[in-house]
Structure formats: C-alpha cells, structure tokens
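Results of the structural survey
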Amino acid sequence: MSTGRPLQLAVLISGRGSNMAAIARACAAGEIDARVRLVISERAGVAGLDTARALGLETRTIAWSGATERLRFERALERALADARADLIVLAGFMRILSQEFVEARIGRILNIHPSLLPLYRGLHTHRRVLAAGERVHGASVHFVTAELDGGPVILQSRVAVLPDDTEATLSARVQTTEHTAGSHGVESGPGSMASRSRCRWWRILMSAGRVERAALVAAMLISAAWSQAAPPPQAPPPQPPQFVATYTIAWHGITAGTSTLELQSTSPQLYLYTSTDRAYGVFRLAFPHALRQSSRFRVAAGQVEPLTFQAGGPGNDVMAQFDWKSGQVTGMAKGKLLDLKLQPGTQDPLSVQIAIMLALQARDAPESFWMLNTDEIDRYEYRRQGQSTLDTPLGKLRTILYTSHEAGSDKTTYLWLAPALDYMPARAEQHVKGSTQVSLEIQAFTRR
Ligand code: GAR
C-alpha cells in the first residue's frame, strides 16, 4: 500500500529517544514507507534530541513544565505539526498526557508505545509492578491513542518471558529491545496473532466510523506491517508447574485442627506427582489418627494438565482412579464400588485442578469451569474471579486474586486467595457451607525446589 508520498511522522519524546531512533532508522532503511519529519521533545536538553540531530532529523523543543502548561504546549504543538505537514504522531517515550480535545480531534492519527501488555498495567512503573505481581510474561504494546489513558485499541504487542532473577532494570531493557523491533525481534506476528487480529478489527471499526483519514490508517498499517515482518518472537514456552512444598494450617470452625502439606515433584519430563498429606492436632487425632493422603499423577503438555491416576484414603472416601484419555473413561474403585465414568474434556482430579488453575492464570487465561472427579462422580465446578486483596500471612503481605469455586446445586462454596508470588497457589482457602466457614487453610511455608 502506498500513499504516493512517504508518510510524514512527528515523533514526540521526553528523554532518551531510543524508540524514535529505531523508527527513524527503519524509515531510512526503507522498511517503513514513512519519514520522520520532526522530533519534538517536551524537555530541553534530553539525549533523544542529540540522537535525532545525529540522525539528521529536524528537532523542536516545546517545554512543558507544569500541569497548567498543557494548553500552551498543545497550541505550539499544533503549529509545529501543521508546519511539518505531519500525517501521524508517534508518542515514543512521551511522558505527558495530551488533552481529550487534542486526542479526539486526531483519533487514528496518534500512536503510542507503552511498556506493558495492555490492557494490563496502564500508567507508570510498569516493570516494577509486573515484578511485584509475579507475572511470568510481560511486553510492550503499540496502540492508537484515545482520551482514555493507555486505553486505545492495541495494534500490536511484543512479549518477553519474565525471568526469575529479573530486576526492574533488566526487565525494562529486555522489553525495550522488543520495542525497537523494526531492527530486532520480539513483535508478535502472523495470522491469528493478537496483533493482526486487533489490527484488522480496529481497521474496520475505524473505517466504518469514517473518523480516520486514509493516510493515517495506512501509516498505522505500514508501521504495524514493518514491525510484524521482523523475525518471529522467541515464543515463551508454555508454562510448566514449579516443583514446591507448601504447608498450611487447617482450621475447623476457627479452631486449629492440623496441618496440610502439598508437594509437587516432577518425576520425568512432563510427568508430575502431586501429594497432599493432612495431619490432625490434639483432640482431632481422635477422629483422624492417621495422616490422610491424596496423590495425583498427571502429565503437562502444551500447558494443559492431564491427570493419569488419583488416589485418596479416607473413611468412606477411598478412591483409586485411572484416567484413560484414549478410551475417554476413568475407571477404578471409589467408596468400595467399581468406578467407570465417561471423561469430559479437560477433566481434573481434586489435586490436579489446582495446577490447572495455576497454569491457566500464568498463561493469562481466566479459568471459568472444570469438570472434576468428585469421589464417584464427575461434576462441573464454576470458577469466578471475585476481585483482589492483599493478605497478611506468615510469609508477609501477599497480593492475591480471589476466586470462588462452586458446584451447581451444592451448598458448598470454596474461596481461594491465589497469590501470584506463590505461582498462584492459594495463600488462603476457605470452604463455606450455607454461608458459614467450615474449614480454612492458611499458608505457613512455601519452598520452591
Ligand atoms: C519506552 O520504554 C516506552 O515504552 C516508555 O518509555 C520508554 C522510552 O524509552 N513509554 C512510556 O512509559 C509511555 N507511558 P525511549 O525514550 O528510549 O524510547
């Protein structure tokens, strides 16, 4: 697609200008049918201005020193854009918020580069917040600017894995490398990718709204196209569960009744053994003299958890189940009777379901429901995200996402406070029956292996 003359870009910066330089180099190399006509900094003396001059680009400083400066800045900016006959404005590390009037008069003609996987982490300090939340994947977004801060339609995104020893500086450096994708790697590409899907969808919406000049659209398309032609990103491998031991105290109607230890080990590549051992304290030993043990063996392939066997020992509650995914049956014994049930796609056992939730959240999916082996039946459990909260725990303050799990028709609801910092293991869990808390678990220790 060509508009006749190369598209004229005005790039707005506030500092170093490495994105501006990457765009200018891509234009100069003919990767984008565009030209950086003008670089505008809202601060005097920043490194990006020197870089722009060294690249032979025209620069302007329009100082913006306080909140009341916006109107003056935007008037001067309008004049500069008109002089430069700029078709498209690119905010490349521009750290000011333009007014609603300015933005709405140019819908589809302003792009922004934001260092997060929008809609996650709008605003400032994205790398710090991503680390604090224990995210596994992070990245950058290029989006159309609307009056909502970092809220406009996303054109394309880059992704990087968050590494266990990342600091704010290392993570930000890695994300920025992907922002400069015209000359490197990292931008998600290919049919069906989030980038190309959203590009097409928004292209159509904006076209039908008739609000966008063709040149601006072409520009966005060209920039997107050039970026997506870069080498395909190193795909973050589907997450594998961590190996860990987690210990919880168990309370029964508010009285501490024992401990529960959950241990996940990998027995060979993709195969895992997950065990839970409950030990009763004090008088509760009278009722439960032996440790209660459950175990699940499962396989993890392409981020999906597939249970193979499940065993539980308990008075009147013994289960020995084998999952045969080829025949689609689960067989064995439960409560002293033969078990022979039809597997539903994605069926979990009571232990593997926790790992399935963990992996879904790490892959940024929101779990909504699971079929689950429930002693001698397979039932559907609905999962609902209820919000988030920070809990005071023996491990310190933990940010958590609250989920409820409920089986239709049952009077039990389980509340799970899942902590990203614990790979989405629960920091706390409560079982409510008809609204009152019967059993609760609270994290005491969590050790990764
Ligand atoms: C870039 O990482 C960009 O994503 C971010 O500022 C950095 C500027 O670097 N932008 C924002 O945070 C916008 N809210 P640069 O000046 O070297 O291009």
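1. Topic: the overall build of the protein
Within the protein, the secondary structure is distributed over ten helices and 21 strands. Sorting the 449 residues of the protein into buried and exposed places 48% on the buried side. The long-range fraction of contacts in the protein, counting pairs at least 24 apart against all pairs at least 6 apart in sequence, stands at 51%. When the accessible surface of the protein is totalled, it reaches about 21,500 Å², and 53% of it is carbon and sulfur.

2. Examining the confidence of the model for the protein
The share of residues in the protein with pLDDT of 70 or more is 83%, and the mean pLDDT across the chain is 82. Within the protein, helix 7 (residues 194–209) has the poorest average pLDDT of any element, 33, and strand 3 (residues 59–61) the best, 97. Taken as a whole, residues 182–219 scores under 50 in pLDDT and shows 77 contacts with residues more than four places along the chain or in a different chain. Below a pLDDT of 50 lies the segment residues 225–234, which in the model reaches 26 contacts outside its immediate sequence neighbourhood of four places, other chains included.

3. Quick word on helix 6 (residues 168–179)
Over its twelve residues, helix 6 runs 16 Å from end to end, which matches the ideal 16 Å to within 8%, given 1.5 Å per residue. Within helix 6 the residues assigned to the buried category are Leu171, Ser172, Val175, Thr178 and Glu179. For helix 6, the arc enclosing every buried residue in end-on projection is 120°, short of the 170-degree limit, so these residues lie on one face.

4. Things to note about the packing of aromatic side chains
Under the definition given, this model contains nine aromatic pairs. Residues tryptophan 64 and phenylalanine 73 carry aromatic rings whose centres are separated by 4.8 Å and whose planes lie at 45° to one another, so their mutual orientation is tilted. One exposure class covers both tryptophan 64 and phenylalanine 73, and it is buried. Pairing phenylalanine 370 with tyrosine 383 gives two aromatic rings, centres 5.5 Å apart and planes at 85°, and the pair type is edge-to-face. With phenylalanine 370 in strand 16 (residues 369–374) and tyrosine 383 in strand 17 (residues 377–393), this residue pair connects regions lying 13 residues apart in the sequence. The burial state of phenylalanine 370 is the same as that of tyrosine 383; both residues are buried. Ring pairs connect the aromatic residues Trp64, Phe73 and Phe94, which therefore count as one cluster. The side chain of arginine 106 reaches across the aromatic face of phenylalanine 102, ending 3.9 Å from its centre.

5. Some words on the site of the ligand
Around the ligand sit Arg16, Gly17, Ser18, Asn19, Gly93, Met95, Ile113, His114, Pro115, Gln176 and Glu179, and those are all the residues in its vicinity. Glycine 17 places a polar main-chain atom, nitrogen or oxygen, 2.8 Å from an oxygen atom of the ligand. Taken together, the elements giving at least two residues each to the shell around the ligand come down to helix 1 (18–28), strand 5 (110–114) and helix 6. Counted by class, the shell around the ligand contains three nonpolar, six polar and two charged residues.

6. Thoughts on a nonpolar patch on the surface
A cluster of nonpolar residues, Met320, Met333 and Leu338, forms a patch on the protein surface that exposes about 350 Å² of accessible area. Among the secondary structure elements, leucine 338 is positioned in strand 15 (residues 337–342). Its relative accessible area of 76% is what places leucine 338 among the exposed residues.

7. Focus: the pattern of salt bridges
Under the definition given, this model contains 18 salt bridges. Between arginine 136 and aspartate 423 there is a salt bridge, with the nearest N and O atoms lying 2.3 Å from each other. With arginine 136 in the loop between helix 5 (126–132) and strand 6 (137–144) and aspartate 423 in the loop between strand 19 (412–419) and strand 20 (425–433), the pair connects residues that are 287 residues apart, well separated along the chain. With relative accessibility at 30%, the residue arginine 136 sits in the partly exposed group.

8. Observations concerning the side chain of histidine 127
Here histidine 127 shows up in helix 5. Those residues in contact with histidine 127 that lie beyond four places of it in its chain are Pro115, His138, Glu168, Leu171, Ser172 and Val175.

9. Topic: the sheet that holds strand 3
Read across the sheet, seven strands follow the order 3-2-1-4-5-6-7 without closing on themselves; strand pairing throughout is mixed. In this open sheet, the two strands that pair with only one neighbour each are strand 3 and strand 7 (154–161). Within the sheet, the average angular offset between the axes of one strand and its neighbour, ignoring direction, is 20°. The pairing of strand 5 with strand 6 spans four bridges and is classified as antiparallel. Bridge pairing in strand 6 links leucine 111 to phenylalanine 144. Against the sheet, helix 1 touches strand 1 (7–13), strand 2 (34–41), strand 4 (88–91) and strand 5, its axis set at about 160° to strand 2.

10. Regarding the environment of isoleucine 107
Position of isoleucine 107 relative to the elements: it lies in the loop between helix 4 (100–104) and strand 5. Note on isoleucine 107: relative accessible area 13%, which makes it buried.

11. What about the nonpolar core?
Core analysis: the biggest nonpolar cluster contains 50 residues, and Phe244, Tyr274, Ile355 and Met425 have the highest contact counts within it. In terms of residues, this core owes the most to one element, helix 10 (residues 352–362), which gives seven residues. The residues contacting phenylalanine 244, other than those within four sequence positions of it, are Leu262, Glu263, Leu264, Tyr274, Ile355, Met358, Met425, Phe446, Thr447, Arg448 and Arg449. Counting 24 residues, the second largest nonpolar core, distinct from the first, contains Leu7, Leu9, Val11 and Phe144.

Parameters at a glance
- Residues numbered from 1 in each chain as written.
- Predicted model: local features only at pLDDT ≥ 70, side-chain atom pairs only at ≥ 80, totals over all residues.
- Heavy atoms only, no water.
- Helix = DSSP H or I, 4+ residues; strand = E, 2+ residues; numbered from the N terminus.
- Buried < 20%, exposed > 50% of the residue type's maximum accessible area, 1.4 Å probe, protein only.
- Contact = heavy atoms within 4.5 Å.
- Areas by Shrake-Rupley, 256 points an atom, 1.4 Å probe, with all protein chains shown as cover.
- pLDDT = per-residue confidence, 0-100.
- Expected span 1.5 Å × (residues − 1).
- Arc of directions from axis to C-beta.
- Phe/Tyr/Trp six-rings, centres within 6.5 Å; stacked < 30°, edge-to-face > 60°.
- Lys NZ or Arg CZ within 6 Å of the ring centre and 35° of its normal.
- Near = heavy atom within 4 Å.
- Polar contact = N/O pair within 3.5 Å; in protein donor to acceptor, adjacent residues only side chain to side chain.
- Nonpolar A, V, L, I, M, F, W, Y, C, P; charged D, E, K, R; others polar.
- Patch = residues over 30% accessible without salt bridge, like charges linked within 9 Å, V, L, I, M, F, W, Y side chains within 5 Å.
- Salt bridge = Lys/Arg side-chain N within 4 Å of Asp/Glu carboxyl O.
- Pairing = 2+ DSSP bridges.
- Axes fitted to C-alpha atoms, helices over the stretch in contact; angles between N-to-C directions.
- Core = buried A, V, L, I, M, F, W, Y, C linked by side-chain atoms within 4.5 Å.

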